Amino acid sequence: MARRLMGSSGWAPKYDPDLIEAECHNLESLGYLVRFQGSLKKSVTSSVKPWLKVKAREMGTKPKGIYYDLSREGKKVASQIYKELKRREDRKDIEGE
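Computed from a prediction, not measured in an experiment: that's the story for all the values here. (Residues numbered from 1 in each chain as written. Predicted model: local features only at pLDDT ≥ 70, side-chain atom pairs only at ≥ 80, totals over all residues. Heavy atoms only, no water.)

Student: Sorry if this is basic, but what is going on with the overall build of the protein chain here?
Tutor: A tally of regular secondary structure across the protein chain gives three helices and two strands. Each helix and strand of the protein chain, placed in order from N terminus to C terminus, yields the pattern α-β-α-β-α. Taken across its 97 residues, the protein chain has 16% of its residues classed as buried. Restricting the contact set of the protein chain to residue pairs at least 6 apart, pairs at least 24 apart contribute 53%. (Helix = DSSP H or I, 4+ residues; strand = E, 2+ residues; numbered from the N terminus. Buried < 20%, exposed > 50% of the residue type's maximum accessible area, 1.4 Å probe, protein only. Contact = heavy atoms within 4.5 Å.)

Next comes the structure, spelled out in C-alpha coordinates:
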(Lines give C-alpha, C1' and ligand atoms only; values in the text may rest on other atoms or scores of the structure.)
Protein backbone atom coordinates (compact mmCIF):
# COMPACT_ATOMS: atom_id res chain seq x y z
CA MET A 1 0.00 0.00 0.00
CA ALA A 2 2.90 2.37 0.71
CA ARG A 3 4.04 1.80 -2.86
CA ARG A 4 0.51 2.52 -4.06
CA LEU A 5 0.79 5.92 -2.34
CA MET A 6 3.89 6.51 -4.39
CA GLY A 7 6.37 9.32 -4.24
CA SER A 8 7.17 11.88 -6.89
CA SER A 9 9.34 9.52 -8.93
CA GLY A 10 6.55 6.96 -9.12
CA TRP A 11 8.73 4.08 -7.96
CA ALA A 12 9.79 4.93 -4.41
CA PRO A 13 7.18 4.79 -1.63
CA LYS A 14 6.28 8.23 -0.32
CA TYR A 15 5.18 6.84 3.04
CA ASP A 16 6.86 4.47 5.48
CA PRO A 17 5.77 0.93 4.49
CA ASP A 18 6.03 -0.31 8.10
CA LEU A 19 3.77 2.50 9.32
CA ILE A 20 1.21 1.81 6.59
CA GLU A 21 1.24 -1.92 7.41
CA ALA A 22 0.79 -1.22 11.14
CA GLU A 23 -2.14 1.11 10.42
CA CYS A 24 -3.74 -1.46 8.11
CA HIS A 25 -3.45 -4.09 10.85
CA ASN A 26 -4.97 -1.61 13.31
CA LEU A 27 -7.91 -0.84 10.98
CA GLU A 28 -8.33 -4.56 10.34
CA SER A 29 -8.49 -5.29 14.08
CA LEU A 30 -11.13 -2.55 14.46
CA GLY A 31 -13.18 -4.25 11.74
CA TYR A 32 -12.85 -1.50 9.12
CA LEU A 33 -10.66 -3.41 6.66
CA VAL A 34 -10.88 -6.91 5.21
CA ARG A 35 -7.71 -8.63 3.99
CA PHE A 36 -7.47 -10.66 0.81
CA GLN A 37 -4.42 -12.74 0.08
CA GLY A 38 -3.55 -13.92 -3.37
CA SER A 39 -4.82 -12.66 -6.67
CA LEU A 40 -8.21 -10.98 -6.81
CA LYS A 41 -8.81 -10.81 -10.53
CA LYS A 42 -7.10 -11.69 -13.75
CA SER A 43 -6.91 -8.22 -15.29
CA VAL A 44 -4.96 -5.37 -13.79
CA THR A 45 -6.73 -2.02 -13.86
CA SER A 46 -4.24 0.28 -12.18
CA SER A 47 -4.04 3.69 -13.82
CA VAL A 48 -1.77 4.76 -10.97
CA LYS A 49 0.85 2.10 -11.65
CA PRO A 50 0.71 1.26 -15.37
CA TRP A 51 3.80 -0.94 -15.04
CA LEU A 52 1.57 -3.47 -13.24
CA LYS A 53 -0.29 -4.02 -16.51
CA VAL A 54 2.97 -4.76 -18.29
CA LYS A 55 4.07 -7.11 -15.50
CA ALA A 56 0.67 -8.85 -15.52
CA ARG A 57 0.88 -9.37 -19.28
CA GLU A 58 4.29 -10.94 -18.86
CA MET A 59 3.15 -13.17 -15.97
CA GLY A 60 -0.30 -13.91 -17.37
CA THR A 61 -2.12 -12.84 -14.17
CA LYS A 62 -2.21 -10.08 -11.59
CA PRO A 63 0.68 -10.39 -9.12
CA LYS A 64 -0.23 -12.14 -5.89
CA GLY A 65 -0.04 -10.13 -2.72
CA ILE A 66 -2.02 -8.83 0.22
CA TYR A 67 -4.92 -6.59 -0.68
CA TYR A 68 -7.29 -4.68 1.58
CA ASP A 69 -10.89 -3.62 1.09
CA LEU A 70 -13.22 -1.67 3.34
CA SER A 71 -15.58 -3.82 5.36
CA ARG A 72 -19.26 -2.92 5.63
CA GLU A 73 -18.53 -0.98 8.84
CA GLY A 74 -15.50 0.66 7.19
CA LYS A 75 -17.68 1.85 4.30
CA LYS A 76 -20.14 3.39 6.78
CA VAL A 77 -17.38 5.25 8.60
CA ALA A 78 -15.79 6.39 5.33
CA SER A 79 -19.18 7.65 4.14
CA GLN A 80 -19.72 9.60 7.38
CA ILE A 81 -16.25 11.16 7.11
CA TYR A 82 -16.85 12.11 3.48
CA LYS A 83 -20.24 13.70 4.28
CA GLU A 84 -18.75 15.69 7.17
CA LEU A 85 -15.88 16.96 5.02
CA LYS A 86 -18.34 17.89 2.25
CA ARG A 87 -20.50 19.83 4.76
CA ARG A 88 -17.43 21.73 5.98
CA GLU A 89 -16.44 22.62 2.40
CA ASP A 90 -19.97 23.77 1.66
CA ARG A 91 -19.98 25.96 4.79
CA LYS A 92 -16.65 27.52 3.77
CA ASP A 93 -18.03 28.25 0.29
CA ILE A 94 -21.12 29.92 1.74
CA GLU A 95 -19.11 31.96 4.26
CA GLY A 96 -16.60 32.96 1.59
CA GLU A 97 -19.24 34.41 -0.77
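Student: Would you mind going over helix α1 (residues 17-29) with me for this structure?
Tutor: Given 3.6 residues per helical turn, the α-helix brings residues three or four places apart onto the same face. Spanning 13 residues, α1 covers 18 Å between terminal C-alpha atoms, matching the ideal 18 Å at 1.5 Å per step. One or two residues past the end of α1 sits Gly-31, with phi positive at roughly 90°. (Expected span 1.5 Å × (residues − 1).)

Student: Mind showing me how you'd approach the pattern of salt bridges here?
Tutor: Any two side chains of opposite charge can pair if their charged atoms end up close together. Following the criterion strictly, the structure yields three salt bridges and no others. Glu-28 is the salt-bridge partner of Arg-35, the closest N and O atoms lying 3.0 Å from each other. Two residues, Glu-84 and Arg-88, come together in a salt bridge whose shortest N-O distance is 3.3 Å. Placement of both Glu-84 and Arg-88 in helix α3 (residues 72-96) is noted, with a separation of four residues, approximately one turn of the helix. In this structure Arg-88 comes out as partly exposed when scored by relative accessible area, which is 47%. Taken together, the shared-partner salt bridges connect Glu-84, Arg-87 and Arg-88 into one network. (Salt bridge = Lys/Arg side-chain N within 4 Å of Asp/Glu carboxyl O.)

Student: Is there a simple way to think about the confidence of the model for the protein chain in this case?
Tutor: Close reading of the predicted structure is inappropriate where its pLDDT is low. Per-residue confidence for the protein chain gives a mean pLDDT of 76; residues scoring 70 or more make up 57%. Mean pLDDT across the elements of the protein chain bottoms out in helix α2 (residues 51-59) (63) and peaks in α3 (90). (pLDDT = per-residue confidence, 0-100.)

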